[in-house]
Amino acid sequence: MDLHNPKDLVDHAATLDCIHCGLCLRSCPTYQLTGVESSSPRGRVHLMRAVAEGRIEAGQDFEDEMDFCLLCRHCESVCPAGVQFGPMMEVTRDGLERRRGSSLRRLARRAAFAWLLPSRWALGAAAVLARFGQMSGLDRMVRALLGERGRFIDGAPAVPPARDRRRLPAVTPRHAAATDRGSVWMLEGCVMPILLGGTNRATVQALTALGHEVRVSQAMVCCGSLHAHNGERGLARKLARKAIEAFEAEPSLPIVVNSAGCGAHLRELAHLFEAKDPWRSRAADVAARVRDFSEVAAPILAGVARADGSGEAPITAAWDAPCHLCHGQAVRQPPLDVLDSLPGVDTRPLADSESCCGSAGLYSLLRPDDSSAVLEPKLESLRRSGAQVLVTANPGCQLQWSQGIARAGLDVRVAHLAELVAERYTPAVSPES
Ligand code: SF4
Ligand code: SF4
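Treat the numbers as computed from the prediction; the structure is a model and nothing was measured.

Visitor: Honestly, the pattern of salt bridges in this entry has me stumped. Any pointers?
Guide: Pairing between side chains of opposite charge can happen when their charged atoms approach one another. One pass over the structure, following the stated rule, counts 27 salt bridges. A salt bridge links Glu-53 to Arg-49; the nearest nitrogen and oxygen atoms lie 3.0 Å apart. Between Arg-233 and Glu-90 there is a salt bridge whose closest N-O contact spans 3.9 Å. Taken together, the residues span a long stretch of sequence, with Arg-233 in helix α14 (residues 233-247) and Glu-90 in helix α6 (residues 85-99) at a distance of 143 residues. Residue Glu-90 is classed as buried on the basis of its relative accessible area of 10%.

Visitor: Looking at this model, I keep getting lost on the site of ligand 1. Mind explaining?
Guide: Cys-28, Pro-29, Thr-30, Pro-41, Arg-44, Cys-69, Leu-70, Leu-71, Cys-72, Arg-73, Cys-75 and Phe-85 make up every residue found near ligand 1. Listed by contribution, the elements that provide at least two residues to the shell around ligand 1 are α2 (29-34) and α3 (41-52). Of the residues that constitute the shell around ligand 1, the class distribution is 9 nonpolar, 1 polar and 2 charged.

Visitor: Any chance you could explain the domain arrangement of the protein chain here in plain terms?
Guide: A common way to report how large an interface is uses the accessible area buried once the components associate. Looking at the assigned domains, one finds that the protein chain contains domain 1 (6-99), domain 2 (104-159), domain 3 (163-294) and domain 4 (306-424). Counting residues at the interface gives 17 residues for domain 2 and 19 residues for domain 3. Where domain 2 abuts domain 3, roughly 1,400 Å² becomes buried across the two surfaces, and 63% of that area is made up of carbon and sulfur atoms. By the criterion of area lost to domain 3, the three top residues of domain 2 are Phe-113, Leu-117 and Arg-120, representing 47% of everything that side buries. A salt bridge links Arg-109 to Glu-232; the shortest N-O distance between them is 3.3 Å. Along the contact surface separating domain 2 from domain 3 lie 5 residue pairs in polar contact (both at pLDDT 80 or more). Taken together, the elements giving at least two residues each to the side of domain 2 that touches domain 3 come down to α7 (104-116) and α8 (120-136). No other element matches the 6 residues that α8 contributes to the side of domain 2 that touches domain 3. Partitioning the side of domain 2 that touches domain 3 into residue classes produces 10 nonpolar, 2 polar and 5 charged.

Visitor: Whenever I open this one, the packing of helix α17 (residues 293-302) against helix α19 (residues 333-341) confuses me. Can you help?
Guide: Describing two packed helices takes the angle between their axes plus the distance from one axis to the other. Relative orientation of the contacting elements α17 and α19 amounts to 45°, with a least axis distance of 8 Å. One element, α17, and the other, α19, form an angle in the oblique class. Regarding α17 and α19, the two cross each other, and that crossing is left-handed. When α17 is examined against α19, the residues Ser-294, Glu-295, Ala-297, Ala-298 and Leu-301 are found in contact with a partner set consisting of Pro-334, Pro-335, Asp-337, Val-338 and Ser-341.

Visitor: Would you explain the state of the cysteines in this entry?
Guide: Here a disulfide denotes one covalent bond, and it connects the sulfur atoms of two cysteines. One pass over the structure, following the stated rule, counts 0 disulfides. The closest cysteine sulfur to the non-disulfide-bonded Cys-190 is located on Cys-222, 3.8 Å from its own sulfur.

Visitor: Can you help me understand a nonpolar patch on the surface in this one?
Guide: There is a patch of nonpolar side chains on the surface, built from Phe-132, Leu-138, Met-141, Val-142, Leu-146 and Phe-152 and spanning about 540 Å² of accessible area. Residue contributions to the nonpolar patch peak at 4 residues, all from helix α9 (residues 138-146). Assignment of secondary structure puts Phe-132 in helix α8.

Visitor: Just to check I follow, could you spell out the sheet that holds strand β6 (residues 315-319) for this structure?
Guide: What holds strands together in a sheet is hydrogen bonding between their backbones, with the strands either parallel or antiparallel. With parallel pairing, 4 strands are arranged side by side in an open sheet as β7-β6-β8-β9. Each edge of the sheet is formed by a strand with only one pairing partner; in this case those strands are β7 (345-348) and β9 (413-416). Geometrically, the sheet is characterised by an average inter-axis angle of 35° between neighbouring strands, direction not taken into account. Of the pairings in the sheet, the one linking β6 to β7 comprises 4 bridges and is parallel in character. If you follow Thr-316 over to β7, its bridge partner there is Asp-346.

What counts, and where the lines are drawn
- Residues numbered from 1 in each chain as written.
- Chains lettered and ligands numbered in written order.
- Predicted model: local features only at pLDDT ≥ 70, side-chain atom pairs only at ≥ 80, totals over all residues.
- Heavy atoms only, no water.
- Salt bridge = Lys/Arg side-chain N within 4 Å of Asp/Glu carboxyl O.
- Helix = DSSP H or I, 4+ residues; strand = E, 2+ residues; numbered from the N terminus.
- Buried < 20%, exposed > 50% of the residue type's maximum accessible area, 1.4 Å probe, protein only.
- Near = heavy atom within 4 Å.
- Nonpolar A, V, L, I, M, F, W, Y, C, P; charged D, E, K, R; others polar.
- Domains from an automatic or database assignment.
- Contact = heavy atoms within 4.5 Å.
- Buried area = accessible area lost by both parts, 1.4 Å probe.
- Polar contact = N/O pair within 3.5 Å; in protein donor to acceptor, adjacent residues only side chain to side chain.
- Axes fitted to C-alpha atoms, helices over the stretch in contact; angles between N-to-C directions.
- Parallel < 35°, antiparallel > 145°, perpendicular 65-115°, else oblique.
- Left-handed = near helix turned anticlockwise from the far one by under 90°.
- Disulfide = S-S within 2.5 Å.
- Patch = residues over 30% accessible without salt bridge, like charges linked within 9 Å, V, L, I, M, F, W, Y side chains within 5 Å.
- Areas by Shrake-Rupley, 256 points an atom, 1.4 Å probe, with all protein chains shown as cover.
- Pairing = 2+ DSSP bridges.

Right under this line is the structure:
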């Protein structure tokens, strides 16, 4: 790839799919913030095409608009021409990152993406350091020393104690009272065990209660989703190969994912490889086995009487669809079906539940003001819904909502869908067992 050739910075052919209808504008959170065409999907496609055709330079203004995009892919869901905005933006960000050379920022990114995220050891050490900093107040000192450049520390989520950061077992048998529904892989993830280990354990509990033996690969760490979304396609490809090899160890098992961003990435894994690359078909085979947790749970729970189960207190709940679940994977109905089938859960509609919450992977750390501004109207929708629990299915969204709700002073719990299933569904012991 020649990065001085603008055509290699942009997927020019993909930009030609846009028919300039403008139907995507109102769905775009950055356009809603600015009202400026260049901050809209149509505007960004137009900019990419102009760069590819040599009509404008890919300068600072161009980079700013590409960075401003949340990659929420809401525009894809409403586009009548089938413009594949997500893959297009991944190619452009990858090209921009590689042009940035060896600046300090670039080196810091390489350390995070190449060294930290793919290593359990490095992630564990970083968690110990971050926890120590947060408990001792050292993080505030570092924040003060770094000034504006340390703003990401303000949005860094609290690291839980070591007992909550333990790994999942390699194999967890199904619940003794559950009907045997076979084995599944579960993606443990890189950041999930560190920040949201409780969600992972609840997912295992729910899956085993639903009748699955749960297997967790000890060989793989990160699926590369954050890499692909943030302009590191080379590293994403490397991690994809590891994931493929790990899941090929049991090639007939479905792969259950409780993180919408990772699920969307794994389903599109083949896009990382050229047509002639033998890894492409292996990636496609793995992608075909990926299931969101809700897709596994919904059909099983549909056969269970709603009154069965937990004795937990009744709750009102609002579902907020993660972008990479509804727009990235077109999974919309299963999470609602799961909520409807759980005893004691009264589901309240949430206005604009398919619009982005502003989390967007690392976006909330890198652009905290824009991220908060995107969440603001959704907090108001949540307040109006009267729900006691905000339910979602993506780690970034869980953290973003938790921080926003705390800032707004709302008395609302944030829960992953799998946590509600784990709490409210227990398989009944059948008379013959
Ligand atoms: S991905 Fe989201 S933020 Fe980016 S252009 Fe599309 S709708 Fe707008
Ligand atoms: S909806 Fe699709 S075709 Fe229409 S302007 Fe937006 S990206 Fe282009």
